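Close look at the chain arrangement
Each chain, written out:
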Amino acid sequence: MATTTPLFLLLLLLSTPAMCLEPQCTTPTKDPGHRGKPSQAGSYFVPSPSFVSTLKSTLEQISKLTSLVSSFARHAGGGRLAFAVADCLELLDLSFDELTWTLSGGGEGKPSDLHSWLSAALGNQDTCKESLSDAGAAGRFIAKLVFSELDRVTSLVSDGLREIAGAGGKQRRLMGPNIPEWVSAQDGRLLLAGQRPAVDVVVAQDGTGNYTTVAAAVEAAPTESGRRYVIYVKKGVYRENVEIKKGKWNLMLIGDGMGQTVISGNRSFVDGWTTYRSATLAVAGKGFICRDLTVENTAGPAKHQAVALRSDSDLSVFYRCEFAGYQDTLYAHSLRQFFRDCYISGTVDFIFGNAAAVFQNSQILSRRPLPEQKNTITAQGRKDPNQNTGFSFHLCNVSAAADLVWAGTNSTATYLGRPWKQYSRAVFMESYIGLVIQAEGWLEWAGDFAIETLYYGEYMNTGPGSGLAGRVKWPGFHAMLDKAEAANFTVAAFIDGNLWIPATGVKYTADLTV
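Since the structure is predicted, the reported quantities are computational estimates derived from the model, not experimental observations.

What about the overall build of the protein?
When helices and strands are counted, the protein shows ten helices and 24 strands. Per-residue burial for the protein yields a buried fraction of 62% across its 514 residues. Taking contacts inside the protein between residues at least 6 apart in sequence as the whole, the part at least 24 apart equals 71%. Of the roughly 19,000 Å² that the protein leaves accessible, carbon and sulfur atoms contribute 53%.

Focus: the nonpolar core
One finds L253, F323, I351 and F359 to be the most contacted residues of the largest nonpolar core, which totals 57 residues. Among the nonpolar cores identified, the runner-up in size contains 48 residues, and L114, L132, I164 and W420 belong to it.

Brief notes about the state of the cysteines
What the rule picks out here adds up to one disulfide. Disulfide pairing places C88 opposite C128 at an S-S distance of 2.0 Å. One disulfide, between C88 and C128, carries an S-S torsion of 95° and so falls in the right-handed class. Residue C88 is found in helix α3 (residues 79–104), and its partner C128 is found in helix α4 (residues 111–133); the two are separated by 40 residues along the sequence. The residues C88 and C128 share a single accessibility class, namely buried.

Overview of the environment of L156
With respect to the secondary-structure elements, L156 resides in helix α5 (residues 136–164). Measuring from C-alpha to C-alpha, the distance between L156 and T54 comes to 6.3 Å, with 102 residues separating the pair along the chain.

Comments concerning the packing of helix α2 (residues 49–73) against α3
Packing of α2 against α3 brings their axes to within 10 Å, and their N-to-C directions diverge by 160°. Judged by the inter-axis angle, α2 sits roughly antiparallel to α3. The interaxial crossing formed by α2 with α3 has left-handed handedness. Counting all contacts with α2, which are made through F51, V52, L55, K56, T58, L59, I62, L65, T66, V69, S70 and A73, the residues of α3 involved are V85, C88, L89, L92, S95, F96, L99, T100, T102 and L103. Considering only residue class, the contact of α2 with α3 consists of 15 nonpolar, six polar and one charged.

Things to note about the packing of aromatic side chains
For the structure on display, the rule yields 17 aromatic pairs. With 4.6 Å between their ring centres and 15° between their planes, F339 and F359 make a pair best called stacked. Of this pair, F339 sits in strand β12 (residues 336–340) while F359 is found in strand β15 (residues 356–360), placing the two residues 20 residues apart along the sequence. Exposure class is identical for F339 and F359. Each is buried. Ring pairing ties together the aromatic residues F288, F318, F323, F339, F359, F391, F393, F428, W442, Y456 and W474, which thus form one cluster. Note that R267 overlies the ring of W273, its terminal NZ or CZ placed 4.0 Å from the centroid.

With respect to unusual backbone geometry
Phi is positive for D341, close to 55°, though the residue is something other than glycine. A positive phi angle is found at L395, which is not glycine, with a value near 60°. Looking at the element boundaries, L395 is found in the loop between β18 (390–394) and β19 (397–400). Residue L395 is classed as buried on the basis of its relative accessible area, which comes to 18%.

Regarding the pattern of salt bridges
Tallying each qualifying case throughout the model produces 21 salt bridges. Measuring nitrogen to oxygen at the nearest pair gives 3.2 Å for the salt bridge that ties D126 to K383. Separated by 257 residues along the polypeptide, D126 in helix α4 and K383 in the loop between β17 (375–380) and β18 bring together distant segments of the chain. Residue classification places D126 among the buried residues on the basis of a relative accessible area of 13%.

A short note on α3
Its 26 residues give α3 an end-to-end C-alpha distance of 38 Å, which sits within 8% of 38 Å, the value for a rise of 1.5 Å per residue. Judged by how many residues are buried, α3 sits mostly within the fold: 22 of 26 residues are covered.

Quick look at the environment of A137
Relative to the elements of secondary structure, A137 occurs in helix α5. Note on A137: relative accessible area 59%, which makes it exposed. With 56 residues separating them along the chain, A137 and L81 place their C-alpha atoms 9.4 Å apart.

Overview of the pairing of strand β16 (residues 363–366)
Here four bridges tie strand β13 (residues 343–346) to β16, and the two strands are oriented parallel to one another. Paired with G346 across the two strands is S366, which belongs to β16. Of the pairings in the sheet, the one linking β16 to β19 comprises four bridges and is parallel in character. By the bridge assignment for β19, Q363 is matched with N397.

Digging into the sheet that holds strand β11 (residues 330–332)
If you trace the seven strands from one edge of the open sheet to the other, you get β4-β7-β9-β11-β14-β17-β20, paired in parallel fashion. Edge positions in the sheet fall to β4 (242–244) and β20 (414–417), since each has one partner strand and no second. Each strand of the sheet is rotated relative to its neighbour by a mean of 15°, with strand direction disregarded. The sheet contact formed by β17 and β20 spans three bridges and is parallel. Paired with T378 across the two strands is G417, which belongs to β20.

Brief notes about the packing of α3 against α4
Axis angle and axis distance: for two packed helices, these are the angle between their axes and the distance between the axes, and together they describe the pair. Orientation of α3 relative to α4, taken along the N-to-C sense of each, is 165°, at an axis distance of 9 Å. With respect to each other, α3 and α4 are oriented roughly antiparallel. Where α3 crosses over α4, the handedness of that crossing is left-handed. When α3 is examined against α4, the residues A84, D87, C88, L91, L92, L94, S95, E98, L99, W101 and T102 are found in contact with a partner set consisting of L114, W117, L118, A120, A121, N124, Q125, T127, C128, S131 and L132. In terms of residue class, the contact of α3 with α4 is made up of 14 nonpolar, six polar and two charged.

Calculation criteria
Residue numbers run consecutively from 1 along every chain, following the written order of its sequence. Reporting of local features is limited, given that this is a predicted model, to residues whose pLDDT is at least 70; pairs of side-chain atoms are given and counted only at 80 or more, and all residues count toward the totals for whole chains, interfaces and linings. To obtain the side-chain values, all non-hydrogen atoms of the structure were included, while hydrogens and water were left out. Runs of E in the DSSP output that reach at least two residues are strands. Runs of H or I that reach at least four are helices, and both are numbered from the N terminus. Partly exposed describes any residue whose relative accessible area lies between the buried limit of under 20% and the exposed limit of over 50%, with all areas from a 1.4 Å probe on protein chains only and scaled to the type maximum. Working rule for contacts: check all heavy atoms of both residues, and any pair within 4.5 Å makes them a contact. Computed with a 1.4 Å probe, the accessible areas rest on the Shrake-Rupley method; for each residue, only the protein chains presented here act as cover. The definition of a nonpolar core used throughout is a set of buried Ala, Val, Leu, Ile, Met, Phe, Trp, Tyr and Cys residues joined through side-chain atoms within 4.5 Å. Any two cysteine sulfur atoms within 2.5 Å of one another count as a disulfide. Only the stretch in contact is used when a helix axis is fitted, and all axes are lines through C-alpha atoms; the angle between N-to-C directions ranges over 0 to 180 degrees. To sort the angles, those under 35 degrees are grouped as roughly parallel, those over 145 as roughly antiparallel, those from 65 to 115 as roughly perpendicular, and the leftovers as oblique. Crossings are assigned a handedness: left-handed for a near helix turned anticlockwise from the far helix by less than a right angle, right-handed for a clockwise turn. Asp, Glu, Lys and Arg are counted as charged, while Ala, Val, Leu, Ile, Met, Phe, Trp, Tyr, Cys and Pro are counted as nonpolar; the rest, among them Gly, fall into the polar class. Classification of ring pairs rests on two measures: the distance between centres of Phe, Tyr or Trp rings, Trp counted by its six-membered ring, which must be within 6.5 Å, and the angle between planes, read as stacked under 30 degrees, edge-to-face over 60 and tilted in between. Counting as a charge over the ring demands two things of the Lys NZ or Arg CZ atom: a distance within 6 Å of the ring centre and an angle within 35 degrees of the ring normal. Any Lys or Arg side-chain nitrogen found within 4 Å of a carboxyl oxygen on Asp or Glu counts as a salt bridge. Here the expected length of a helix is defined as 1.5 Å per residue gap, with one fewer gap than residues. Paired strands, as defined in this entry, are two strands with at least two bridges between them according to DSSP.

Put into structure tokens, the structure is as follows:
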């Protein structure tokens, strides 16, 4: 459960004069699929007095709302209501941090950072609402009392986001073919070469390490570490739920390989957990790296929402990892995330959330759901056209998992995604789309909801499910024929730096968005 922010810190923030963060952001584009023109490399954002005033007002509002929600925690008892209240407190705490970083400029004030933090802060209140709304009569009663205050916070953040939307950041160099610049040179070499670094602690079930559980090793890790802290998890199945809290910076979990080191949980919505709280591995600490392991939720399709990974970790990397579940397998909740050489499997909305996330060279596998269900790979939750969020799949393989193949791929209608929120955004570029995907490609959420405001795109995909002739005719669907349009969704343009240069068939350069 999140703690309320100390009053002296709030007063200090509110009394801090506005920093010069340099220069003005550009006008946001009207096209919901684009972020707007990036600023010149080396540029910064100069906040207006109204921008600073809005952030300070929002921090005050969050502090008041946190106190109000905290008063319900004492009477929430157990079960889903208690989890929902805890979700709200944690999410408000995250919003407070993200707005604080924005107000201080993060030490540099790059527009791409500020844009990411405000985009994350905007979405947190919706998750709080969802948790409360699903917590029975008591949860809905609390919701009535706090929804207007949550909407007030959202409105204030939206005001701030409008000013900064469209301002690009410094475009950052690639240090290797797949690794972003914000991963340190040492970490990048380790990821590229597949070496195992000198570890800080070892987790082993047989007692030969420092800890026998992953959670214990994480709990003992330093807080706000400025250096990489490496936890090596030996092969075995660790039946536990692991939470890496927001103060645990720069953690690195390394296993012995997918299927060898397995973190396994079975929390689910049906068993009384909120979707947010059901995660087997939940990460909020920034700069997280995860390599060579499996995270699974074994609740099964009948238990509905059951998350394997939930991430709110900014500038995080998931490399050679497997995420296995059914409904809601991977909750890319917020901020900037990069997935490389991963296996992700599930059924309904199995990659969802409102992060700015890139999935590269990964296997995206649809499993066999309940008989009456349809499979949807994505349910992206962008709710404001000024958010920099969305899901980009590049050089991936979209296919059926073994259980669906055995049942017959025609036994289940499977789609690339459906619009969870008004401005849902997802693209598939230069990927293999298997026969498992229906000809129309995308599924409506409810009638014509969001079909004009969403942005769904496909660019130069191959495979029997990649044909565009039968695709939906929605205004928001884009059969991207222009390389320049697709370039908006390369990592250089989309998630704060040159995360990738396309390896085959994509004629881009490192300077494409500079």
